[in-house]
Amino acid sequence: PSAGAFLYVQVGFTATLATCALLFLAGWAVIVGLPEVRSDRAGRMRADLVAPGIMQAVPSVWRDLLIGLRAVRTSRLLLVPVVAFALYTLADVPLTAVLPVFVGDSLGVGPAAFGTMLTIRGITGLAGGIVVAAVSRHIHATTLLAVGLVLYGASIATWGVINTYLLGLAITVPVGIAAA
């Protein structure tokens, strides 16, 4: 996050996003170049079972993806949580990308304070995960998901109107819990 904030200040938002995209593409290129190593039935790696590369698996991946998408599309039970998770991801990824700039510009603090905020978000996310696991036996998963999304959205909206770091830290607590 700190490197992203530095890059944003130096070259702007569009160039920062382009850099991130290039990094993802570079990661993909590295993975594509790796050979697929297989193991025998006992789980031992076998040199004679090394396939020429991951590209042979691409048609299978696409086929499996299409089968999965068809299953999700035809089942409301699958469609609702997949769409909810997709919307959550669409909201969270840009938020995470601009959070360093928000913390610096709106709250007027530096990288150490931003690190504290992310630490609180992580710890409360872990705590939220434990709470969700404990109460999920008594509260329906749909209700937990709905409450989490509303809490997350309300917290993010509140972040948009504040201008003090301590209040930002306080709002980070429900963000972490809701993300669980």
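The structure we're discussing is the one just above.
These remarks concern the structure in this document. (Residues numbered from 1 in each chain as written. Predicted model: local features only at pLDDT ≥ 70, side-chain atom pairs only at ≥ 80, totals over all residues. Heavy atoms only, no water.)

## What about the overall build of the protein?
Counted only if it meets this: Comment: elements are numbered from the N terminus, with helices defined as DSSP H or I runs of at least four residues and strands as E runs of at least two. Summary of the burial criterion: residues with accessible area below 20% of their type's maximum are buried, those above 50% are exposed, and those between are partly exposed, where the area comes from a 1.4 Å probe applied to protein chains only. Contacts: residue pairs with any heavy atoms within 4.5 Å of one another. Working definition of accessibility: Shrake-Rupley area with a 1.4 Å probe, residue cover restricted to the visible protein chains.
When helices and strands are counted, the protein shows seven helices and zero strands. Ordered by position from the N terminus, the helices and strands of the protein form the series α-α-α-α-α-α-α. Expressed as a percentage of the 180 residues in the protein, the buried residues total 20%. Of the contacts formed within the protein by residues at least 6 apart in sequence, a portion of 50% connects residues at least 24 apart. For the protein, the computed accessible surface area is about 12100 Å², with 73% contributed by carbon and sulfur atoms.

## With respect to a nonpolar patch on the surface
To keep things clear, this is the line we draw: Think of a patch as exposed residues, more than 30% relative accessible area, with no salt bridge, where like charges cluster within 9 Å and nonpolar side chains (Val, Leu, Ile, Met, Phe, Trp, Tyr) cluster within 5 Å. Definition used for salt bridges: Asp or Glu carboxyl oxygen within 4 Å of a side-chain nitrogen of Lys or Arg.
A cluster of nonpolar side chains, Trp62, Leu65, Leu66 and Leu69, forms an exposed patch at the surface whose accessible area comes to about 420 Å². Residue position: Trp62 is located in helix α3 (residues 58-74).

## Brief notes about helix α5 (residues 111-135)
The condition is simple: Helix span is expected to be 1.5 Å times the residue number reduced by one.
In a regular helix each residue adds 1.5 Å, so 25 residues correspond to 36 Å; α5 covers 35 Å between its end C-alpha atoms and thus fits that length. Along α5, the residues that are buried comprise Ala113, Phe114, Met117, Arg121, Thr124 and Gly128.

## Examining the packing of α5 against helix α7 (residues 165-179)
Rules: The angle between two axes is taken between their N-to-C directions and runs from 0 to 180 degrees, where each axis is a line fitted to C-alpha atoms and a helix contributes only its stretch in contact. Should an angle fall under 35 degrees it is called roughly parallel, over 145 degrees roughly antiparallel, and 65 to 115 degrees roughly perpendicular, with every other angle called oblique. By definition, any crossing whose near helix is turned counterclockwise from its far helix by less than a right angle is left-handed, and any crossing with a clockwise turn is right-handed.
For the pair α5 and α7, the least separation of the axes is 7 Å and the interaxial angle reads 30°. In terms of their interaxial angle, α5 and α7 are classed as roughly parallel. The chirality of how α5 crosses α7 is right-handed. Two secondary-structure elements touch here, α5 through Ala113, Thr116, Met117, Ile120, Arg121, Thr124, Gly125 and Gly128 and α7 through Tyr165, Gly168, Leu169, Thr172, Val173, Val175, Gly176 and Ile177.

## A word on the side chain of Thr124
Rules: Whenever two N or O atoms come within 3.5 Å, that pair is a polar contact, provided that in protein one can donate a hydrogen and the other can accept it, and provided that, for residues adjacent in sequence, both atoms are side-chain atoms.
As for its position among the elements, Thr124 is in helix α5. Here Ile120 takes part through its backbone oxygen, which lies 2.8 Å from a polar atom of the side chain of Thr124. If near-sequence neighbours (up to four positions away) are discounted, Thr124 is found in contact with Thr172, Val173, Gly176 and Ile177.

## A short note on the side chain of Ser155
Within the fold, Ser155 resides in helix α6 (residues 141-159). Leave out the neighbours within four places in its chain, and Ser155 touches Ile171, Pro174 and Val175.

## A short note on α6
Note the threshold: Each direction from the helix axis to a C-beta atom contributes to the arc, which is the arc of those directions.
For α6, spanning 19 residues, the distance from its first C-alpha to its last is 27 Å, which sits close to the expected 27 Å at 1.5 Å a residue. Every buried residue of α6 is listed here: Leu144, Gly148, Tyr152, Ser155 and Trp159. Down the axis of α6, the sector holding all buried residues measures 70°, keeping them to one side. Within α6, the exposed residues directed more than 90 degrees away from the buried face are Val147, Val150 and Ala157.

## Here we look at the packing of α6 against α7
Defined as follows: Any residue outside Ala, Val, Leu, Ile, Met, Phe, Trp, Tyr, Cys, Pro, Asp, Glu, Lys and Arg is labelled polar, Gly included; the first ten of those are nonpolar and the last four are charged.
Direction vectors running N to C along α6 and α7 enclose 155°, while the axes themselves pass 8 Å from each other. The pairing of α6 with α7 is recorded here as roughly antiparallel in orientation. Considering how the two elements wind past one another, α6 and α7 form a crossing that is left-handed. Here α6 contributes Gly148, Leu151, Tyr152, Ser155, Ile156, Thr158 and Trp159 to the contact with α7, which in turn contributes Gly168, Ile171, Thr172, Pro174, Val175, Ala178 and Ala179. When its residues are assigned to classes, the contact of α6 with α7 shows nine nonpolar, five polar and no charged.

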